[in-house]
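# Structural overview
Here are the chains, one letter per residue:
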Amino acid sequence: MKEKEIENNPVLLEADDLAEKGNKAFLSYKWKLNRTCVDYHDSSETNPYSDDKWANDVSYPEHDLELAFDYYQQALARYEKILGPDHIKTAEVLSQLGDVSRDPMYDNCISRDYYERALPVYKIKKSNSRDLAVIYENLGAVCLLMNDPLSSLDYNYKSLSQYNKLAICGEEWDISQLKENIREAEDKLGLHVVVENDKYGFADKDGNTT
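A brief report on the enclosed structure follows. For clarity, every value in this text was computed on a predicted model and none was experimentally measured.

Locating Arg 112 in the fold gives a position in helix 5 (residues 108-125). Excluding residues within four positions of it along the chain, Arg 112 makes contact with Leu 139, Val 142, Cys 143, Met 146, Asp 148 and Ser 151.

Ranked by size, the top nonpolar core spans 36 residues in total, and within it Phe 26, Tyr 72, Tyr 79, Val 100, Leu 119, Tyr 122 and Ile 135 carry the most contacts. Sorting the residues of this core by element identifies helix 2 (10-37), helix 3 (61-82), helix 4 (88-100), helix 5 and helix 6 (130-145) as the ones contributing at least two each. Looking at this core, the element that brings in the most residues is helix 3, giving 9 residues. With near-sequence residues (within four places) excluded, Leu 119 lies in contact with Leu 132, Ile 135, Tyr 136, Leu 139 and Tyr 155. Counting 12 residues, the second largest nonpolar core, distinct from the first, contains Tyr 157, Tyr 163, Leu 166 and Leu 178.

Our next topic: the pattern of salt bridges. Inspection of every chain in the model, using the stated rule, returns 12 salt bridges. Through salt bridges with shared partners, a single ionic network connects Glu 80, Asp 113 and Arg 117.

We now examine the side chain of Ser 152. In this fold, Ser 152 is placed in helix 7 (residues 149-168). Sequence-distant contacts of Ser 152, defined by excluding residues within four places in its chain, comprise Gly 140, Cys 143, Leu 144 and Ala 185.

Once that is clear, we can look at the packing of helix 6 against helix 8 (residues 176-189). The geometry of a pair of packed helices is captured by two quantities: the angle between their axes and the separation between those axes. Running from amino to carboxyl end, helix 6 crosses helix 8 at an angle of 35 degrees, the nearest separation of the two axes being 10 Å. The two elements helix 6 and helix 8 meet at a crossing, and its hand is left-handed. From helix 6, Glu 137, Ala 141 and Leu 144 reach across to helix 8, where they touch Leu 178, Asn 181, Glu 184, Ala 185 and Lys 188. Of the residues in the contact of helix 6 with helix 8, the class split is 4 nonpolar, 1 polar and 3 charged.

Rules and cut-offs
Residues numbered from 1 in each chain as written. Predicted model: local features only at pLDDT ≥ 70, side-chain atom pairs only at ≥ 80, totals over all residues. Heavy atoms only, no water. Helix = DSSP H or I, 4+ residues; strand = E, 2+ residues; numbered from the N terminus. Contact = heavy atoms within 4.5 Å. Core = buried A, V, L, I, M, F, W, Y, C linked by side-chain atoms within 4.5 Å. Buried < 20%, exposed > 50% of the residue type's maximum accessible area, 1.4 Å probe, protein only. Salt bridge = Lys/Arg side-chain N within 4 Å of Asp/Glu carboxyl O. Axes fitted to C-alpha atoms, helices over the stretch in contact; angles between N-to-C directions. Left-handed = near helix turned anticlockwise from the far one by under 90°. Nonpolar A, V, L, I, M, F, W, Y, C, P; charged D, E, K, R; others polar.

What follows is the structure in structure tokens.
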């Protein structure tokens, strides 16, 4: 199929629409969750991301999360059919599914699977971006929740390396949570990471390296 035919393919246009609906539903969920967490609700403040009947009702925080998951899955099926598994749009919606399924209502292994399916494409298509650092960081966080501190450290240090590359280019980001996750993973392993010449290994409390 030629590029112009792909761009005008009705299935692809439908996928783009579903992905956008998924974005709005997920942002709406986060908006409601934030308002619930801060214990603040002003009925005059409307949800900017949703126009459904629960738009301003914080008592329905799960509604938009499940809706987002459904929209993203529908978009993914269409992207994979038209664009294939190695296209950036496919990878982006996989990453978004990873974000949604990090919620406690889903199993962490589902989130990890989505992120790991997206990662190879990000490494090629977004090799110099913050997006790659974020997907590494997200994988590190999920692996930590799954009690897999070794994989968590591997992903987190790849994330840290990516953030350091961006810092050289003048970009700065808050990586305090990333560093906290690294410390937690090291504590679980009883080891700490030793970095030398952009390579890393492990050392125990006596300094013995592995």
